Amino acid sequence: MRAVSIQKFGDPSGLAVIDAPEPKPAAGQVLVEVEAIGVGGVDAVVRRGTLGSYGFREGLVPGSEVAGRVVAVGEGVDAAWIGRVVWAFTGVGGAYAEYAVADAFTALPEGLSPVDAVTLGGAGPVAHFALAHGHFAPGESLLVRGAAGSLGIMAVQLAAATAGRIAVTTSSPARGERLRELGATEVLDRSAAAADEFDVILDIVAGPGLPSFLDKLADNGRLVAVGVVGGYPPEDFGMRLLASFQRSRSFATFSLNTVPESARHTVREAQFPAAVRGELRPVVHGILPLTKAAEAHRRMDEGEVFGRFVLTPQ
Ligand SMILES: NC(=O)c1ccc[n+]([C@@H]2O[C@H](COP(=O)([O-])OP(=O)(O)OC[C@H]3O[C@@H](n4cnc5c(N)ncnc54)[C@H](OP(=O)(O)O)[C@@H]3O)[C@@H](O)[C@H]2O)c1
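Fair warning: this is a prediction, and the values are worked out from it, not measured in the lab.

A.B. asks: What's the story with empty space enclosed by the protein in this structure? I'm lost.
C.D. replies: The rolling of a water-molecule-sized probe over the atoms marks out the regions of remaining empty space. Applying the stated criterion across every chain yields a total of one cavity of 30 Å³ or more. By volume, the largest cavity is sized at about 40 Å³. What lines the largest cavity is simply Thr119, Ser150, Ile153, Met154, Arg281, Pro282, Val283 and Gly307. When we break the lining of the largest cavity down by domain, the ones giving at least three residues each are domain 1 (2–121 + 282–312) and domain 2 (135–253).

A.B. asks: I would appreciate a short explanation of the layout of surface pockets in the present structure.
C.D. replies: The space that makes up the second largest pocket amounts to roughly 160 Å³. What lines the second largest pocket is a set of 16 residues, among which Pro23, Gly93, Gly94, Ala100 and Val101 lie closest to the centre. The element best represented in the lining of the second largest pocket is strand β6 (residues 99–102), accounting for four residues.

A.B. asks: Help me understand the packing of aromatic side chains in this model?
C.D. replies: Note on aromatic pairs: each is described by the distance of the centres and the angle between the planes. Scanning the model with the defined rule gives two aromatic pairs in all. Sitting over the ring of tryptophan 81, arginine 84 keeps its end group 4.6 Å from the ring centre. Residue placement shows arginine 264 over the ring face of phenylalanine 89; its charged tip is 5.8 Å from the ring centre.

A.B. asks: I would appreciate a short explanation of the site of the ligand in the present structure.
C.D. replies: Around the ligand sit 22 residues in total, of which Thr170, Ser171, Arg190, Phe254 and Leu256 are the nearest. Within the backbone of serine 150, an N or O atom sits 3.2 Å from an oxygen atom of the ligand. In the complex, 80% of the free accessible area of the ligand, which totals 940 Å², lies under the protein chains. Of all the elements in the fold, those that place two or more residues in the shell around the ligand are α1 (41–48) and α4 (150–160).

A.B. asks: Would you mind going over the side chain of threonine 119 with me for this structure?
C.D. replies: On the secondary structure map, threonine 119 appears in helix α2 (residues 114–120). Classification of threonine 119 as buried rests on a relative accessible area of 4%. Within the structure, threonine 119 has its side chain in polar contact with the backbone oxygen of aspartate 116 (distance 2.7 Å).

Rules used in this analysis
Residues numbered from 1 in each chain as written. Predicted model: local features only at pLDDT ≥ 70, side-chain atom pairs only at ≥ 80, totals over all residues. Heavy atoms only, no water. 1 Å grid on protein atoms, 1.4 Å probe; cavity = no way out; pocket = protein on both sides within 12 Å on 5 of 7 lines; lining within 4 Å. Points joined across faces, edges and corners; volume = space filled by probe spheres on them. Domains from an automatic or database assignment. Helix = DSSP H or I, 4+ residues; strand = E, 2+ residues; numbered from the N terminus. Phe/Tyr/Trp six-rings, centres within 6.5 Å; stacked < 30°, edge-to-face > 60°. Lys NZ or Arg CZ within 6 Å of the ring centre and 35° of its normal. Near = heavy atom within 4 Å. Polar contact = N/O pair within 3.5 Å; in protein donor to acceptor, adjacent residues only side chain to side chain. Areas by Shrake-Rupley, 256 points an atom, 1.4 Å probe, with all protein chains shown as cover. Buried < 20%, exposed > 50% of the residue type's maximum accessible area, 1.4 Å probe, protein only.

Below you can see the structure in the form of structure tokens.
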């Protein structure tokens, strides 16, 4: 089968189309004939090789979410799944391929396309549980830092349902307008210098700017670090919290890895039909063939993307 692998960590030219053996479903897994592959910011982080300690290696087929038809099942999986169209999580890599195996999967409801499913299936639960991790409550103020990616877009839409104050950071006024259409009430530049304080900050960026965002927490405010698209923060960033001790501010990290698959599945089973009803909008930036994975990554690196790129094997 055709697949794409990371031949060399670094820029997108390190991605190459390869001929790989078709995977076989192990016990508890399904084999999916892939129709859509979600390309997220995390894939760019993996490709750069900066997450070495997480077990990523050169030669890896990247990507972690696909949607398509189940064509075989491993031991212990009901054969009734064969023929059903599912969203599936492939774990550490394996998604940029014509066939993928997965042990976490959710059936698509009528009316949800595989392309839309891969914009929601990963990002939706991350946004849901990250907001919960920050104890975000209806009516509280929220800042989503780095909101133009799939995580931020989902967080804005979920929070908008509670009709509070929702600010976003983006370098692009055009992306800011699109975020307003999805529910943001305030658009700030990347520094958010003009903004006052928030009850909850969802931070997808981290990087050297993180300490200045700790200063933007209200009394009892909570900053939840969800991503590192801007790199790691300075090592002593915690001093910023101690310096404002009297304000009872908190810093937390959040990873979906700590949420049991049964809970993620429950959220997907609620969010997929919500998308069919038009209550959540899947935002697809563009669709490219699998063989153009490097182009999708190059365009992500150039910062033009709003939402998800989707790859389709053809
Ligand atoms: N916690 C979890 O469970 C979990 C799960 C999946 C992924 N992740 C993490 O989430 C991140 C990817 O999320 P995503 O796909 O939503 O993000 P993304 O699309 O890669 O980036 C989000 C936005 O951040 C802004 N940005 C990029 N570089 C920046 C910088 N240096 N300074 C300030 N803003 C910058 C860009 O918007 P503008 O240009 O408009 O400002 C970009 O659209 C990765 O770090 C990944 O590891 C975490």
